[in-house]
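Secondary and tertiary structure notes
What follows is each chain in one-letter form.
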Amino acid sequence: MAAPPANSTSTPAYSQVCPFHAKLISNCRVTADDHFQDVRLIRLDTSTADASKLRHNPGDVLMVQPSNDPDLVSRFLHIVCQQSSSQPSTVINLHPTDSDMTIPLSTQLPLPCTLEVAATRYFDFQAIPSRYFFKLLSYFATSALEKERLQEFASNEGQEDRYSYCNRVRRTILEVLEDFPSASSNIPLSYLFDLLPAIQPRAFSIAS
């Protein structure tokens, strides 16, 4: 998705709400295999784009919307579908219940969609969990030991333990869900959008 150019007042450029879906031509690593940084040159086919909309100025960036690895999606679906009526093919639709609520952009999550599509394109279960995540997850724990541990991570007193458990080792939400099976297997489908953050687009420098 090309970033909108600065000071543009004419035809709206491609943007997050009006993306151009480009075909990948090549994805080449430009740093040595033994280099600590994996820097890549990605070429995209924009020959079918509207030239009046696909434009950029120096300093603009390309926003790329990533998706989750299929193996990780399978692990996530195995967790949340264990003891619930939900299946990967379960259809999801969202409706705001008040004026302050927003729903995902259709370009990020087409609605209605299946749980599998949401797990692939929307739920960021590779993120490091927040304090709120532990608080909300604790409500679904049927194991007294799990509930106590989750509540501890969500408390002010448990801040240091939470940092050691999550941030220091970069433990992901998916890994935490696997560590607390009694809670993760009882999450109602309607709470997944409260519990899990959305995958955010990544910004990359434009070379042309």
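Residues numbered from 1 in each chain as written. Predicted model: local features only at pLDDT ≥ 70, side-chain atom pairs only at ≥ 80, totals over all residues. Heavy atoms only, no water.

1. Digging into unusual backbone geometry
Put simply, Leu111 and Pro112 share a cis peptide bond, and its omega is -5 degrees. Looking at the secondary structure, you find Pro112 in the loop between strand 4 (91–92) and strand 5 (113–114). Of note, Arg170 is a non-glycine position whose phi angle comes to about 55 degrees, a positive value. On the basis of relative accessibility, which here comes to 60%, the residue Arg170 falls in the exposed class. (Helix = DSSP H or I, 4+ residues; strand = E, 2+ residues; numbered from the N terminus. Buried < 20%, exposed > 50% of the residue type's maximum accessible area, 1.4 Å probe, protein only.)

2. Some remarks on the packing of aromatic side chains
Overall, the coordinates contain 11 aromatic pairs when judged by the stated rule. A centroid spacing of 4.7 Å and a plane angle of 15 degrees characterise the contact between Phe76 and Phe125, whose relative ring orientation is stacked. With Phe76 in helix 1 (residues 70–80) and Phe125 in the loop between helix 2 (115–121) and helix 3 (131–138), this residue pair connects regions lying 49 residues apart in the sequence. In this structure, Phe76 and Phe125 share a single accessibility class: buried. With centroids separated by 5.5 Å and ring planes inclined at 40 degrees, the aromatic side chains of Tyr122 and Phe193 adopt a geometry described as tilted. (Phe/Tyr/Trp six-rings, centres within 6.5 Å; stacked < 30°, edge-to-face > 60°.)

3. Quick look at a nonpolar patch on the surface
Nonpolar side chains collect at one region of the surface, where Leu24, Ile42 and Leu44 lie side by side and expose about 250 Å² of accessible area between them. Accessibility expressed as a relative area gives 45% for Ile42, which makes it partly exposed. (Patch = residues over 30% accessible without salt bridge, like charges linked within 9 Å, V, L, I, M, F, W, Y side chains within 5 Å. Areas by Shrake-Rupley, 256 points an atom, 1.4 Å probe, with all protein chains shown as cover. Salt bridge = Lys/Arg side-chain N within 4 Å of Asp/Glu carboxyl O.)

4. Quick notes on the nonpolar core
Among soluble globular proteins, nonpolar side chains are generally buried collectively. Residues Phe76, Phe123, Phe125, Phe133, Phe134 and Leu137 are the most contacted members of the largest nonpolar core, which totals 40 residues. Listing elements by their share of this core, those giving two or more residues are helix 1, helix 2, helix 3, helix 4 (144–154), helix 5 (159–167), helix 6 (173–179) and helix 8 (192–195). Considering every element that reaches this core, the biggest residue donor is helix 1, with six residues. Leave out the neighbours within four places in its chain, and Leu137 touches Leu150, Val176, Leu177, Ala183, Ser184, Ile187 and Leu195. (Core = buried A, V, L, I, M, F, W, Y, C linked by side-chain atoms within 4.5 Å. Contact = heavy atoms within 4.5 Å.)

5. Let's talk about the side chain of Ser138
Position of Ser138 relative to the elements: it lies in helix 3. Every residue in contact with Ser138, bar those within four places of it in the chain, is listed here: Lys147, Leu150 and Gln151.

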